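So the chains spell out like this:
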Number of protein chains: 2
Amino acid sequence: MVSAIPVPPANTLWHAKMRSYDQLDHAAFASAADDSTGLDDVLAWLEAERAEVSCELEPVPLDEIARWRTDTATGDLVHDSGRFFAIRGLDVTTNYGPVERWSQPIIDQPEVGVLGLLVREVRGVTQVLIQAKMEPGNINLVQLSPTVQATHSNYDRVHGGAAPRYLEHFLAGTRDRVRVDVLQSEQGARFLRKRNRNMIVEVIGDVPVHEGFRWLTLRQLHRLLRLDNVVNMDLRSVLSCLQFSRWSAGMPTRSDLLAGQHSPLAHSVLAPDDALHTSGELLAWSTDARMRYRLNTRIVPLSEVSRWQRDKWHIAHEDGLYFTVGGVAVRMASREVSGWMQPVIAPTHEGLAAMVLTSINGVPHALMQAKLEAGNRDVVEIAPTVQCITRNYQHLLPEERPEHLSLVTDVAPEHVLFDAYQSEEGGRFFRQQNKYVIVEYHGDLHAVESPNHRWMSIGQLKNLVLYSNYVNVEARSLLACACAVIEGGNA
Amino acid sequence: MVSAIPVPPANTLWHAKMRSYDQLDHAAFASAADDSTGLDDVLAWLEAERAEVSCELEPVPLDEIARWRTDTATGDLVHDSGRFFAIRGLDVTTNYGPVERWSQPIIDQPEVGVLGLLVREVRGVTQVLIQAKMEPGNINLVQLSPTVQATHSNYDRVHGGAAPRYLEHFLAGTRDRVRVDVLQSEQGARFLRKRNRNMIVEVIGDVPVHEGFRWLTLRQLHRLLRLDNVVNMDLRSVLSCLQFSRWSAGMPTRSDLLAGQHSPLAHSVLAPDDALHTSGELLAWSTDARMRYRLNTRIVPLSEVSRWQRDKWHIAHEDGLYFTVGGVAVRMASREVSGWMQPVIAPTHEGLAAMVLTSINGVPHALMQAKLEAGNRDVVEIAPTVQCITRNYQHLLPEERPEHLSLVTDVAPEHVLFDAYQSEEGGRFFRQQNKYVIVEYHGDLHAVESPNHRWMSIGQLKNLVLYSNYVNVEARSLLACACAVIEGGNA
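Turning to helix H4 (residues 218-225) of chain B, a few remarks are in order. Burial within H4(B) is extensive, with seven of its eight residues counted as buried. Among all positions of H4(B), only B:Leu218, B:Gln220, B:Leu221, B:His222, B:Arg223, B:Leu224 and B:Leu225 are buried.

Here the focus is the relation of the copies chain A and chain B. After a rotation of 180 degrees and a shift along the axis of 0.1 Å, chain A superposes on chain B with an RMSD of 0.0 Å. What we have between these two chains is a two-fold relation. Relative to the rotation axis, the closest C-alpha in chain A is found at A:Tyr467, a distance of 3.8 Å. Here 100% of the interface residues in chain A have copies in chain B that are interface residues too; the copies meet face to matching face.

Contacts between the two partners involve 26 residues from chain A, matched on the other side by 26 residues from chain B. Between chain A and chain B, a total of about 2400 Å² is buried, with carbon and sulfur atoms accounting for 55% of that surface. It is A:Thr287, A:Met291 and A:Tyr467 that lose the most area in chain A upon contact with chain B, and together they represent 24% of the buried surface on that side. The interface formed by chain A and chain B holds six salt bridges in total. Inspection of the region where chain A meets chain B yields ten residue pairs in polar contact (both at pLDDT 80 or more). Contributions of two or more residues to the side of chain A that touches chain B are made by strand E10 (177-185), strand E11 (195-202), helix H8 (279-292) and helix H10 (458-464) of chain A. Per element, the largest residue contribution to the side of chain A that touches chain B is nine residues, and it comes from H8(A).

What follows concerns the packing of helix H2 (residues 39-52) of chain B against H4(B). All names here are of chain B. As a packed pair, H2 and H4 sit with axes 10 Å apart at the nearest point and diverge in direction by 70 degrees. Here H2 is positioned roughly perpendicular relative to H4, judged by the angle of their axes. Read as a crossing pair, H2 and H4 show a hand that is right-handed. Here Leu39, Val42 and Leu43 of H2 lie close against H4, whose contacting residues are Gln220, Arg223 and Leu224.

Residues and elements named next belong to chain A. In the predicted model, chain A carries a mean pLDDT of 84, and the fraction of residues at 70 or more is 82%. Of the regions scoring below 50 in pLDDT, residues 1-36 engages in 78 contacts with residues more than four places distant in sequence or in other chains. When the criterion is pLDDT under 50, residues 245-272 qualifies, and its contacts beyond four places in sequence or with other chains add up to 68 contacts. At the level of chain-chain contacts, confidence expressed as ipTM amounts to 0.85, with global pTM at 0.87.

Below, the discussion takes up the nonpolar core. Formed by 174 residues in total, the largest nonpolar core has its most connected members in A:Leu144, A:Leu224, B:Leu144 and B:Leu224. Those residues in contact with A:Leu144 that sit more than four places away from it in its chain are A:Trp45, A:Leu46, A:Ile130, A:Gln131, A:Leu216, A:Leu221, A:Leu224, A:Val230, A:Val231, A:Asn232 and A:Leu235.

Let us now look at unusual backbone geometry. If a residue is not glycine, its phi is most likely negative; likewise, a peptide bond is most likely trans. Residues and elements named next belong to chain A. Although it is not a glycine, Leu141 sits at a positive phi angle of roughly 60 degrees. With respect to the helices, strands and loops of the structure, Leu141 is situated in the loop between strand E7 (125-134) and strand E8 (142-145). Of the residues examined, Leu141 reaches a relative accessible area of 3% and is grouped as buried.

Glancing now at the packing of aromatic side chains. Under the defined criterion, the tally for this structure stands at 17 aromatic pairs over all chains. Seen in terms of ring centroids, A:Tyr470 and B:Tyr467 are 5.6 Å apart; in terms of plane orientation they differ by 85 degrees. Their pairing is edge-to-face. A residue pair is termed interchain when its members come from two chains, as with A:Tyr470 in the loop between H10 and helix H11 (473-488) and B:Tyr467 in the loop between helix H10 (458-464) and helix H11 (473-488). The pair formed by A:Tyr470 and B:Tyr467 is uniform in burial state, with each residue classed as buried. Aromatic rings pair up to connect A:Tyr467, A:Tyr470, B:Tyr467 and B:Tyr470 into one cluster. One residue, A:Arg190, lies across the ring of A:Phe429, its end atom 5.1 Å from the ring centre. Against the face of A:Phe191 rests A:Lys194, its NZ or CZ located 4.4 Å from the ring centre.

In total, this model carries 50 salt bridges over all chains according to the counting rule given. Of the charged contacts in the structure, one is a salt bridge between A:Glu111 and A:Arg83, with a shortest N-O distance of 3.0 Å. Of this pair, A:Glu111 sits in the loop between strand E5 (101-108) and strand E6 (113-122) while A:Arg83 sits in the loop between strand E3 (77-79) and strand E4 (86-94); the two residues are 28 residues apart in sequence, bridging distant segments of the chain. The class of A:Glu111 is buried, set by a relative accessible area of 18%. Linked through salt bridges whose partners overlap, the residues forming this network are A:Asp181, A:Arg197, B:Asp288 and B:Arg292.

All right, on to the environment of B:Arg190 then. All names here are of chain B. Mapped onto the elements, Arg190 comes out in the loop between strand E10 (177-185) and strand E11 (195-202). Here Arg190 falls in the buried class, since its relative accessible area comes to 9%. In this structure, the C-alpha to C-alpha distance between Arg190 and Thr409, residues 219 residues apart in sequence, is 25 Å. Of the polar contacts made by the side chain of Arg190, one reaches the side chain of Gln432; its length is 2.7 Å.

Here we come to the environment of B:Glu186. All names here are of chain B. By secondary structure assignment, the location of Glu186 is in the loop between E10 and E11. What makes Glu186 buried here is its relative accessible area of 6%. Between the C-alpha atom of Glu186 and that of Asn376, which follows or precedes it by 190 residues, the distance is 8.7 Å. Residues in contact with Glu186, not counting those within four places in the same chain, are Leu115, Phe191, Lys194, Asn196, Met233, Asp234, Glu425 and Val473. In terms of polar contacts, Glu186 uses its side chain to reach the side chain of Lys194, at 2.8 Å.

Rules behind the numbers
- Residues numbered from 1 in each chain as written.
- Chains lettered and ligands numbered in written order.
- Predicted model: local features only at pLDDT ≥ 70, side-chain atom pairs only at ≥ 80, totals over all residues.
- Heavy atoms only, no water.
- Buried < 20%, exposed > 50% of the residue type's maximum accessible area, 1.4 Å probe, protein only.
- Helix = DSSP H or I, 4+ residues; strand = E, 2+ residues; numbered from the N terminus.
- Least-squares fit on C-alpha atoms with pLDDT ≥ 70 in both.
- Contact = heavy atoms within 4.5 Å.
- Buried area = accessible area lost by both parts, 1.4 Å probe.
- Salt bridge = Lys/Arg side-chain N within 4 Å of Asp/Glu carboxyl O.
- Polar contact = N/O pair within 3.5 Å; in protein donor to acceptor, adjacent residues only side chain to side chain.
- Axes fitted to C-alpha atoms, helices over the stretch in contact; angles between N-to-C directions.
- Parallel < 35°, antiparallel > 145°, perpendicular 65-115°, else oblique.
- Left-handed = near helix turned anticlockwise from the far one by under 90°.
- pLDDT = per-residue confidence, 0-100.
- Core = buried A, V, L, I, M, F, W, Y, C linked by side-chain atoms within 4.5 Å.
- Phe/Tyr/Trp six-rings, centres within 6.5 Å; stacked < 30°, edge-to-face > 60°.
- Lys NZ or Arg CZ within 6 Å of the ring centre and 35° of its normal.

Here it is as structure tokens:
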């Protein structure tokens, strides 16, 4: 039973716009999929898991978050153990964008967690072991997540819970085959250099399927990605790292794809030689952007962050922009522990992450952006064509808006290939959903390239996510969605 | 005219062992090379450049390094402008190796310099534009360097000199073709997260060849690499990034190599599919090592670094190990400025960087090491099979010595494929030469793999250097040397 969320006074924190999968026309999706994909079945399972979660959420004042305290010297929000994460202040100086200097709250979470996906191949079809996982900030509370989604604190059992299921497959000494293991960044606008370890492990032999877990095919996941707030951020991120060729980490070849996936992906995701730019040119472009921009950051006391104010319930920007920090109490039975309180970050407005896709000689290419965010480890990462908080730009003149916004907003409906709300991480963000959009482009290729934008093939992006800190989390999400688009064609 | 180096009292700083190219049997090299490679000619040119350098070096007390001062609060050695670099203290805590905590002086040089190599192809032969460059710490003073070797301070002209020659080819807006552009680390034991920008640019059209510059073929460079202290560290690093296939940044294919290089490399450096491990497995191994080890560093005042002592001339470790910090006065006419003083780092003992090479199904593979160094940006980078300061281990029992040291030291002469002294960066290090060795291995492949060692093909290494912070500078040097070995066969 999911409780209603009480609304604290005078803030947008608890008013995240909900466009949940409940409001969608499931029949339309079910009919689009053929019977074998069994989407209805998966959705019914998710619904049952959701019904079973006995969970109550309640906002708590910042000073009453149990086991968390406000550091008297800095005003930082920290856990009594010094672990998990902290909310601190960050002073930022940069030559990127119109604002040269600001300060902001930032999530400092130095521990690297594991996002682990167990995969297997059954009669040539790739299956992944999915968890229906509740997280307090999730829209719908329960979403599809990787097999394992654990912080170091989790598996060190700092809060006394049991070790997460299947964790042993992702630890040293596993007899399974580690296929991908890469450190990837998360939201650079919110996290200070946070990274998670994205792992894909091919399981050798049978594993028991525990309560709350299920093998799904990649094709099913691609369909489910088209629904709002069903596939969580961590799963999207790990999925983006899945390589199409038969488990080698190189580029997918046409024959590999045909042999291994039985999917239309085979026909469209080709080797990088077919790309507009060589991978070397793209890497050089990315290095050039890292050198062109300056990013100087300094941790400062949270109490000294300018233009942000703290009241009993929230830390919020004085113009009501960006996000707010609040506290939440969670009471539940199905998680590792029965309940806890924690700070959460809530968006004040919806975000937009949009990828402009085109076909060049039959090879799908995305127009990607070199984007600086305050928490980036290396100045710039590769981001979607457009990534912004929509509201922030509504008062701007058209020419002041984010580059290429109009490519996404002024587009005929038949050129919208993908359009769904996806949630950001439910363990830190409270009901943060962003609009993920993929649109088709039919204009001049070179007209839309600029110092910060380059076309790269989906295959090149797939290769880049094997290396740390090249592709940001929003772009990885869209990469997972793009594969759903490519597989599904225009159906 | 190169002056004699005065020897300050009671320290090893100025006693770096010299085994310069002058002491070698040039005739042996000249006869090994065929006439067309013109080694004699290159060496004569280098000698002439060296004779022309009017330079005097003189040690100066730490308190008398002009434009440098000792910060009164921290004891750090800093430049008056706050630029160039500083010598600070670093407190290190780690679970890697036998020592869990120490502190040490470290070079803090946040500015990213450019190491730029101009290349061209003439009748299918790759040529690179080489500079005969003097640097104060160089053994032999003048060594072969990349076309451009410039710090940001250099090209911002902080010290009032002229802009380096050819720099325009490496700046935004060049009409040349940028082939490689990647940020690479330098010595993690000495530098705090330092990186340089390694660029390879194919020049379009003719360029004037200025005094002190010369086009050399790759084959010539491969021969010159076998000589002691001729090819400087920056050039070795950039050379390691050169891709063999016809300028694509992907893997070299056999046909690319045959078409583009006219070199035996074509027969031996194959696509990664022929490697013992997939690139995905190697990347996963590298991530696992980054996660297995902990590296916590904190800048501390240089005056508080324990077990290091400062006298008038030096900052040195109390056991005479590692390195010393001293000051040097440089007076010369041929550099951007006529003279300056600066701190330098001098080794107390020789270092060893050794690569164990073998052929697996005809594909050359190197046994590489995941190694933690205090100044690393991301815990671990891929290092040579063995990388150590030899002297540090001479008092240890055999079982306490660096893993695989015996593979390099107990080897029949006919299995030594490469053996030369190479200098480390002459702008910061004073007469630091390390022994670079490549030996052939004929034993059990799996017996020498361990948690920190993996076989990878030379092609896989060539691919990894296209990404930042995967391969350390000693390994990149050896990668350049390995290509010399492979090209030259056993001749």
